[in-house]
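Reading the structure
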Amino acid sequence: MWTCKVSIMASSRGKESAEQAKLRFQVELEFVQCLANPNYLNFLAQRGYFKDQTFINYLKYLLYWKQPEYAKYLKYPQCLHMVELLQYEAFRKELVNSQCTKFIDDQQVLHWQHYTRKRMRLQQAAASLGQQMAQQPDQQGPAS
């Protein structure tokens, strides 16, 4: 896996330059977000990556993305949940099954739909409340 190679090469050479650290950050950011895609996880499982101890260790290393100073860069935060689940052998084994990944994909879509609807309702309620407040006459009378 090219991501592992970049990280391993940088760490095996000792201290990395600023440019190497930037590249490692970008590569790991891209890779950890790819883990949010159940179809990609299925791809990795079918090719045996989840049986490779070096790769499993790399997945454990990626847990640092849960720290707020790194998580703020994530566009797909559900990848953090997947990184956590990938720490369990039983989960990694199930990812070979296409039905399992289809189920995960369906659950993500349902979550996004629910989140979008809920957010829209909250925004509508806030807008409605704002309109009501603007239409109410000033409750305080003139100062005597």
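Residues numbered from 1 in each chain as written. Predicted model: local features only at pLDDT ≥ 70, side-chain atom pairs only at ≥ 80, totals over all residues. Heavy atoms only, no water.

1. Topic: the packing of helix 2 (residues 18–34) against helix 4 (residues 53–61)
Orientation of helix 2 relative to helix 4, taken along the N-to-C sense of each, is 100 degrees, at an axis distance of 12 Å. Overall, the two elements helix 2 and helix 4 adopt an arrangement that is roughly perpendicular. Seen from helix 2, the contacting residues are Arg24, Glu28 and Phe31; seen from helix 4, they are Phe55, Tyr58, Leu59 and Tyr61. (Axes fitted to C-alpha atoms, helices over the stretch in contact; angles between N-to-C directions. Helix = DSSP H or I, 4+ residues; strand = E, 2+ residues; numbered from the N terminus. Parallel < 35°, antiparallel > 145°, perpendicular 65-115°, else oblique. Contact = heavy atoms within 4.5 Å.)

2. A look at the packing of aromatic side chains
Tallied over the entire structure, the rule returns 13 aromatic pairs. Between Tyr61 and Tyr64, the ring centres sit 5.1 Å apart and the planes meet at 55 degrees, which makes this aromatic pair tilted. Judged by its relative accessible area of 34%, Tyr61 falls in the partly exposed class. For Tyr64, a relative accessible area of 14% puts it in the buried group. (Phe/Tyr/Trp six-rings, centres within 6.5 Å; stacked < 30°, edge-to-face > 60°. Buried < 20%, exposed > 50% of the residue type's maximum accessible area, 1.4 Å probe, protein only.)

3. Looking at the confidence of the model for the protein chain
On average, residues of the protein chain score 83 in pLDDT, and 83% of them are at 70 or above. Within the protein chain, the lowest mean pLDDT, 50, falls on helix 1 (residues 2–12), and the highest, 96, falls on helix 4. (pLDDT = per-residue confidence, 0-100.)

4. Here we look at the environment of Tyr49
Examined against the element boundaries, Tyr49 turns out to sit in the loop between helix 3 (38–46) and helix 4. Take Tyr49: its relative accessible area is 25%, and that puts it in the partly exposed class. Taking C-alpha positions, Tyr49 is 9.5 Å from Arg92, a pair spaced 43 residues apart along the chain.

5. Let's talk about helix 3
All buried positions along helix 3 are accounted for by Pro38, Tyr40, Leu41, Asn42, Leu44 and Ala45. Sitting at the head of helix 3, Asn37 places a side-chain oxygen 2.8 Å from the backbone nitrogen of Asn39. (Polar contact = N/O pair within 3.5 Å; in protein donor to acceptor, adjacent residues only side chain to side chain.)

6. Quick word on the nonpolar core
By size, the foremost hydrophobic cluster in this structure holds 26 residues, and its most contacted members are Leu35, Phe50 and Leu62. Among the secondary structure elements, those contributing two or more residues to this core are helix 2, helix 3, helix 4, helix 6 (78–85) and helix 8 (98–135). Dropping the residues within four chain positions of it, Leu62 is found in contact with Glu28, Phe31, Val32, Leu35 and Val83. (Core = buried A, V, L, I, M, F, W, Y, C linked by side-chain atoms within 4.5 Å.)

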